[in-house]
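# Examination of the molecular architecture
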Amino acid sequence: MNYYSLNKKAPNVSFKDAVIKGLAPDKGLYFPEYITPLPKAFFDKIDNLSHSEIAFEAIKQFVSPEIPEDILKTIIEETLSFDFPMVELNNNISILELFHGPTMAFKDVGARFMARCLGYFNQNNTNEVTVLVATSGDTGAAVANGFLGVKGVHVVILYPSGKVSDIQEKQLTTLGQNISTLEVNGTFDDCQAMVKTAFLDENLTSKMQLTSANSINVARWLPQLFYFMFAYKKLHNTYEDIVFSVPSGNFGNVCAGMMAQQLGVPIKHFIASNNENNVVTEYLKTQLYNPKPSVQTISNAMDVGDPSNFIRIQEIYKNKFETLKDNVSSFSFSDDETKVAMLEIYSNHNYVADPHGAVGYLGCKSYLEKNPNAHCVFLETAHPAKFLDVVEEVIKTKQALPQQIQSVMGKVKVATTISTYEDFKSYLLK
């Protein structure tokens, strides 16, 4: 499989080169040259397949021939070492829990998969690869954990000061070893802009090998399609019209779901559920894509004013607005609405949702108003304990900390504060 730049001004590259480069030389995101739907026989036998077997069949066309099948199977087994439970709230709404990995966020899958791919590609390389990652909360922790101790790889995480939860910050800043953390005086968009600028800075790239572990990287983004296939396996014998409501920030997760749909998973519709950072919600109303500075909310991992992966979504639907609109709805919700939803889920169903999951729940409710026969699955993307102050304030109930979070709480934060791209560049060159 080769990959092309969505800016169409750079040479096509292999999966290996797309992973190592992260971003194409023309600033474009990489996209696979083709998507071959899985055969009907795969879906006929899906009930008898394990998670690892499903994932292998889904991903192999995108990584061949650079990763041999036996290596790929091992990478998948190591990546999917935890469960993805479904919780049914009622006949119309279910929850897909994606927080049972080591950092208790959905990004554990993509980060672990990418780390193992890069580790394989770099095993005989004497030059260190520097992985850059901008995070609005959960990405950095997942990447840090996934890459911890990987030979020949140094990870540099940028996060916006004061705009991640205390637990998220602990997960970012306490690992040490080959993980370094930069606390940026700015927003997530500022962090992301610094990373993108670094890839295009020849003064940097001539001296060091840089790649990205954000969802702009194909190895971080594509494995997220696994969740949607796992959910389909659990639901398809009970429900016909399956719809996914995805809390959306940088739009990598919902885009991966659309890739699962392209592979043949019979997903009826997607809902991109936004907080007040609602660029895509507005686009689907006006057909005008108008990036704007991000707004800080209680669902901070979605505080993105210019979502990188939306261009991939447009590519999936051949840049046809009406086709896109037929497949995707988008709704935007305020912090107050999110808190009401968290309390409603807890009061009515005795289920504790984090703020991101609550936004996904609201997306389900909005869609079901006009589509009452659908079964809507919202993604619970992070454990509620990661947003303890908000959750406990809303539901008025003390929450126990899971072991994964307890293990970092007593550790000392280590981070370097920066304000400008020049600060960032100087840090990398040192």
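Residues numbered from 1 in each chain as written. Predicted model: local features only at pLDDT ≥ 70, side-chain atom pairs only at ≥ 80, totals over all residues. Heavy atoms only, no water.

Residues given the UniProt feature "domain: Threonine synthase N-terminal" (unreviewed entry) here are residues 2-79. Each end of residues 2-79 is marked by a C-alpha atom, and these two atoms are 23 Å apart; helix forms 46% of the span and strand 12%. (UniProt positions renumbered as here; feature names shortened; annotations may be inferred. Helix = DSSP H or I, 4+ residues; strand = E, 2+ residues; numbered from the N terminus.)

Compared with the 20 Å implied by 1.5 Å per residue over 14 residues, the 20 Å span of helix α17 (residues 355-368) between its first and last C-alpha is a close match. In terms of residue burial, α17 counts as a mostly covered element, since 13 of its 14 residues are buried. (Expected span 1.5 Å × (residues − 1). Buried < 20%, exposed > 50% of the residue type's maximum accessible area, 1.4 Å probe, protein only.)

We now examine the pattern of salt bridges. Per the stated rule, a full pass over the model turns up 11 salt bridges. Taking the shortest distance from any N to any O, the salt bridge between Glu 344 and Lys 365 comes out at 2.9 Å. One end of the pair, Glu 344, is in helix α16 (residues 335-349); the other, Lys 365, is in helix α17, with 21 residues separating them in the sequence. Note on Glu 344: relative accessible area 22%, which makes it partly exposed. In the salt-bridge network here, residues are joined through shared partners; they are Glu 169, Glu 183 and Lys 413. (Salt bridge = Lys/Arg side-chain N within 4 Å of Asp/Glu carboxyl O.)

Turning to the packing of aromatic side chains, a few remarks are in order. The full count for this structure, using the stated rule, is 24 aromatic pairs. Counting every residue linked through ring pairs, the aromatic cluster contains Phe 82, Phe 84, Phe 106, Phe 113, Phe 226, Tyr 227, Phe 228, Phe 230, Phe 244 and Phe 270. The ring of Phe 56 carries Lys 73 above its face, with NZ or CZ at 4.9 Å from the centroid. The ring centre of Trp 221 lies 4.2 Å from the NZ or CZ of Arg 312, which sits over that ring. (Phe/Tyr/Trp six-rings, centres within 6.5 Å; stacked < 30°, edge-to-face > 60°. Lys NZ or Arg CZ within 6 Å of the ring centre and 35° of its normal.)

As for its placement among the helices and strands, Asp 354 is situated in the loop between α16 and α17. By relative accessible area, which is 0% here, Asp 354 ends up buried. Residues Asp 354 and Trp 221, spaced 133 residues apart in sequence, show a C-alpha to C-alpha distance of 22 Å. If we skip the residues at most four places from it in the chain, Asp 354 touches Met 342, Glu 380, Thr 381, Ala 382, His 383, Pro 384, Phe 387 and Val 391. (Contact = heavy atoms within 4.5 Å.)

What follows covers the packing of helix α3 (residues 51-63) against helix α4 (residues 69-79). Close contact between α3 and α4 brings their axes to 10 Å; oriented N to C, the two are set at 130°. Put simply, α3 runs oblique to α4. For the pair α3 and α4, the crossing hand works out as right-handed. Packed against α3, whose contacting residues are Ser 52, Ala 55, Phe 56, Ile 59, Lys 60 and Val 63, the element α4 presents Glu 69, Leu 72, Lys 73, Ile 76 and Glu 77 at the interface. (Axes fitted to C-alpha atoms, helices over the stretch in contact; angles between N-to-C directions. Parallel < 35°, antiparallel > 145°, perpendicular 65-115°, else oblique. Left-handed = near helix turned anticlockwise from the far one by under 90°.)

Another aspect to go through is empty space enclosed by the protein. Any space left empty among the atoms is revealed by the rolling of a water-sized probe across them. Going through the model one piece at a time under the given rule, you end up with 2 cavities of 30 Å³ or more. Approximately 230 Å³ is the volume attributed to the largest cavity. Forming the boundary of the largest cavity are 23 residues, of which Phe 106, Lys 107, Gly 249, Asn 250 and Ala 301 lie nearest the centre. A volume near 30 Å³ is recorded for the second largest cavity. Each residue belonging to the lining of the second largest cavity can be placed in one class, and the counts come to 5 nonpolar, 4 polar and no charged. (1 Å grid on protein atoms, 1.4 Å probe; cavity = no way out; pocket = protein on both sides within 12 Å on 5 of 7 lines; lining within 4 Å. Points joined across faces, edges and corners; volume = space filled by probe spheres on them. Nonpolar A, V, L, I, M, F, W, Y, C, P; charged D, E, K, R; others polar.)

What follows covers the pairing of strand β10 (residues 242-247). Most of β10 is tucked away: 6 of the 6 residues are buried. Neither face of β10 is left uncovered, since the one carrying Ile 242, Phe 244 and Val 246 and the one carrying Val 243, Ser 245 and Pro 247 both have all their residues buried. With 4 bridges connecting them, β10 and strand β13 (residues 375-380) associate as parallel partners. In the sheet register, Phe 244 faces β13, and the bridge partner there is Val 377. In the sheet, β10 pairs with strand β11 (residues 269-274) via 5 bridges, with the strands oriented parallel. In the sheet register, Val 246 faces β11, and the bridge partner there is Ala 272. For the handedness criterion, the β-α-β arrangement of β10, helix α12 (residues 252-262) and β11 is classed as right-handed. (Pairing = 2+ DSSP bridges. Right-handed = clockwise from strand over helix to strand, strands pointing away.)

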